[in-house]
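Spelled out from the first residue to the last, the chains are:
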Amino acid sequence: MNLPQPSPPSRGPSFYEATARQRVNRLLDAQSFAEFLPPQSAHSSPHLALLDLPGALDDGVVIGSGTLGGKPVQIIAQEGQFLGGAVGEMHGAKIVGLLQRAIRDKPLAVLFLVDSGGVRLHEANAGLIALSEIMRAVLDTRAAGIPVFALIGGMCGAFGGMGIVSRLCSAILMSEQGRLALSGPEVIETVAGVEEFDSRDRALVWRVTGGKHRYLMGDCVALVEDDVEDFRQTIITLLAQWQENPPEPHALRAEQERLTQRCQQFSGMRDGLEVWAALGVPNPQQIPLLERDALVTLRQGLSL
Amino acid sequence: MDQLTFQFPAQPCKPSAKASLCGVVSSGNLEVLITQGGQPNGCEVSIHTSARGFAPIWQAVLADFAAQHALGGTAITINDMGATPAVVTLRLGQAFRDYCGGAQ
């Protein structure tokens, strides 16, 4: 038997499958990560204990500082496996504290590894307040001239309040596996019915919220492979040339105007396929099958 | 949720890290944190588990692990969401190996 063996793609560890701690350790320079409020200091949720649920020692988020290509950065990584990466009071306080510390310490950037379905419903208003505080802190950090980059490629994507937080960041990097939206697929189906959106149709979910769609729409600056090393190299390249534009009211109004027009342009469309056709993609049904590099080339050819 | 505590006699261990953490609190999984404990010849284990009524199984799994590893001088904290005994033993092994300077 002399069957030709397809050569496996030479990829490093999957970002999607890694835990928050594995992502942090592999993304930053080796041995450079110093964690703030590590698990042995046990900052777990007081609310979960009241509900008779076991908490996590880090409340589902890892924060700290380190170096990336020798440059100082600070980092936040949500653990999607713990309660869907949902934001509770302690979880949110750790993120806000890190962002406030970044304003003081002035790292080159804050890397925000988002992996969350949004607010932690167990904690109700405390979780919602935490999310609003994170939004404010992201804007404050950017106003201080420190870019905040959202890295989305985990199993929970970035939904609900964390979808908003991601879009408030300086820029978003996504893998194809990543998803970004406001209401999650199951929420839409619950509220508006399966005719509106079938959350069990995984291909549809990715065509509407996935990394490829977000990249074609210009919602993320880079589409990276599902590989921690590719996230690392992309963020190093991006940082080397980054000029942070602190959020200004006139720029935000212009962005709001652009999004309103976009909403009208694609109004009534029900699938990424229709949107891609409207963008001028010649064979929209081919998009889900394309490799990353081919998709990047295709997007460069579109007059967006 | 059950809150359990156990103590086992054990040979003193030689830690190379201040603490080690393995696993994530998610369905069928658990996190295991090993830190320095108060007794050189004993191991203290504290467990929060979502699965009620499994104290005898925890006792058996932990006693077995304590008999096979020099856990003396450690304190083990566990947050569990219904992990099976095999997963518990696996995570304990990973955390203990990191604590004593094995892999990573």
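All residue numbers here refer to positions counted from 1 along the written sequence of the relevant chain. Going through the entries in the order they are written, you letter the chains from A and number the ligands from 1. Given that the model is predicted, a residue must reach a pLDDT of at least 70 before its local features are reported, and side-chain atom pairs must reach 80 or more before they are shown or counted; all residues, however, enter totals for whole chains, interfaces and linings. Only hydrogens and water are set aside; all other atoms, that is, all heavy atoms of the structure, feed into the side-chain values.

**Concerning the pairing of strand 4 (residues 42–49) of chain B**
All names here are of chain B.
1) Next: In this scheme, strands are said to pair when DSSP sees at least two bridges between them. Per the convention used, a helix needs a DSSP run of H or I reaching at least four residues, while a strand needs a run of E reaching at least two, with both numbered from the N terminus. Note that strand 1 (residues 2–9) and strand 4 share eight bridges and pair antiparallel. Bridging from a neighbouring strand, Leu4 pairs with Ile47 of strand 4.
2) Next: Here seven bridges tie strand 4 to strand 5 (residues 74–80), and the two strands are oriented parallel to one another. Within strand 5, the residue paired with Thr49 across the bridge is Asp80.

**Section: the interface of chain A and chain B**
1) Next: Tallying the contact residues gives 14 residues for chain A and 17 residues for chain B.
2) Next: Summed over the three residues of chain A that lose the most area to chain B, namely Asp52, Pro54 and Leu57 of chain A, the buried surface amounts to 43% of that side.
3) Next: Throughout this description, the term salt bridge denotes a Lys or Arg side-chain nitrogen within 4 Å of a carboxyl oxygen of Asp or Glu. The interface formed by chain A and chain B contains one salt bridge.
4) Next: Among the ionic pairs, Asp52 of chain A bridges to Arg52 of chain B, the shortest N-O distance being 2.9 Å.
5) Next: Polar contact is the term for a pair of N or O atoms within 3.5 Å; when the atoms are in protein, one must be able to donate a hydrogen and the other to accept it, and sequence-neighboring residues count only if both atoms are side-chain atoms. Summed over the shared surface of chain A and chain B, the number is four residue pairs in polar contact (both at pLDDT 80 or more). Working rule for contacts: check all heavy atoms of both residues, and any pair within 4.5 Å makes them a contact. Buried area counts how much accessible surface, traced with a 1.4 Å probe, disappears from two parts once they are put together, with both parts' losses summed.

**A few points about the side chain of Arg262 of chain A**
Residue and element names in this part refer to chain A.
1) Next: Here Arg262 shows up in helix 10 (residues 249–265).
2) Next: Any residue under 20% of the maximum accessible area for its type is buried, any over 50% is exposed, and the rest in between are partly exposed; the area is computed with a 1.4 Å probe on protein chains only. For Arg262, a relative accessible area of 17% corresponds to the buried category.
3) Next: Among the polar contacts listed, one links the side chain of Arg262 to the backbone oxygen of Met217, at a separation of 3.4 Å.
4) Next: Leaving out residues up to four positions away in the same chain, Arg262 has contacts with Arg214, Met217 and Asp219.

**Considering the pattern of salt bridges**
Side-chain pairs of opposite charge can arise where the charged atoms are in close proximity.
Residue and element names in this part refer to chain A.
1) Next: What the rule picks out here adds up to 20 salt bridges over all chains.
2) Next: The salt bridge partner of Arg21 is Glu35, with a shortest N-O separation of 2.7 Å. Of this pair, Arg21 sits in helix 1 (residues 20–27) while Glu35 sits in strand 1 (residues 34–36), placing them 14 residues apart in sequence.
3) Next: Bridged by salt links that share partners, the residues Arg167, Arg214, Asp219, Glu255, Arg258 and Arg262 form one connected network.

**A word on the packing of helix 4 (residues 124–143) of chain A against helix 5 (residues 161–168) of chain A**
Residues and elements named next belong to chain A.
1) Next: Fitting a line to C-alpha atoms yields each axis, with helices limited to the stretch in contact; the angle taken between N-to-C directions then spans 0 to 180 degrees. Two elements in contact, helix 4 and helix 5, have axes whose closest approach is 10 Å; the angle formed by their N-to-C orientations is 5°. Judged by the inter-axis angle, helix 4 sits roughly parallel to helix 5. On helix 5, the residues touching Leu131, Ile134, Met135, Val138, Leu139 and Arg142 of helix 4 are Gly161, Met162, Ile164, Val165 and Leu168.
2) Next: Classification convention: Asp, Glu, Lys, Arg as charged; Ala, Val, Leu, Ile, Met, Phe, Trp, Tyr, Cys, Pro as nonpolar; all other residues, Gly among them, as polar. A per-class count over the contact of helix 4 with helix 5 returns nine nonpolar, one polar and one charged. Should an angle lie under 35 degrees it is considered roughly parallel, over 145 roughly antiparallel, and from 65 to 115 roughly perpendicular; all remaining angles are considered oblique.

**Here's the deal with the environment of Asn79 of chain B**
1) Next: Along the polypeptide, Asn79 of chain B turns up in strand 5.
2) Next: Residue class for Asn79 of chain B comes out buried when judged on its relative accessible area of 6%.
3) Next: Residues in contact with Asn79 of chain B, not counting those within four places in the same chain, are Gly55, Ala56 and Leu57 of chain A together with Val25, Leu30, Glu31 and His48 of chain B.
4) Next: From its side chain, Asn79 of chain B meets the backbone oxygen of Gly55 of chain A in a polar contact 3.2 Å long.
5) Next: Of the polar contacts made by the side chain of Asn79 of chain B, one reaches the side chain of Glu31 of chain B; its length is 2.8 Å.

**Some remarks on the sheet that holds strand 5 of chain B**
Adjacent strands of a sheet pair through backbone hydrogen bonds, lying either parallel or antiparallel.
Residues and elements named next belong to chain B.
1) Next: On the basis of which strands lie adjacent, the open sheet formed by five strands has the order 1-4-5-3-2 and mixed pairing. This sheet does not close on itself; its edge strands, each paired only once, are strand 1 and strand 2 (19–22). Ignoring which end each strand starts from, the neighbouring axes of this sheet average 15° apart.
2) Next: Strands strand 1, strand 3 (30–36), strand 4 and strand 5 of the sheet are contacted by helix 1 (residues 55–68), whose axis makes an angle of about 30° with strand 1.
3) Next: Sitting on the sheet, helix 2 (residues 85–99) is in contact with strand 2, strand 3 and strand 5, with an inclination near 35° to strand 3.

**Here's the deal with the environment of Arg200 of chain A**
1) Next: Position of Arg200 of chain A among the secondary structure elements: in the loop between helix 6 (185–192) and helix 7 (202–209).
2) Next: Taking the C-alpha atoms as reference, Arg200 of chain A lies 33 Å from Val148 of chain A; in sequence the two are 52 residues apart.

**Comments concerning the nonpolar core**
1) Next: Residues Ile76, Leu99, Val110, Phe112 and Ile134 of chain A are the most contacted members of the largest nonpolar core, which totals 43 residues.
2) Next: Excluding anything up to four places from it in sequence, Leu99 of chain A contacts Ile76, Val110, Ile134, Ala137, Val138, Thr141 and Val148 of chain A.
3) Next: We define the nonpolar core as a collection of buried residues of types Ala, Val, Leu, Ile, Met, Phe, Trp, Tyr and Cys that are connected through side-chain atoms lying within 4.5 Å of one another. Core analysis: the next-biggest nonpolar cluster, separate from the first, contains 26 residues, Phe6, Leu30, Val45 and Val61 of chain B among them.

These results come straight from atomic positions and should not be treated as a statement about function.
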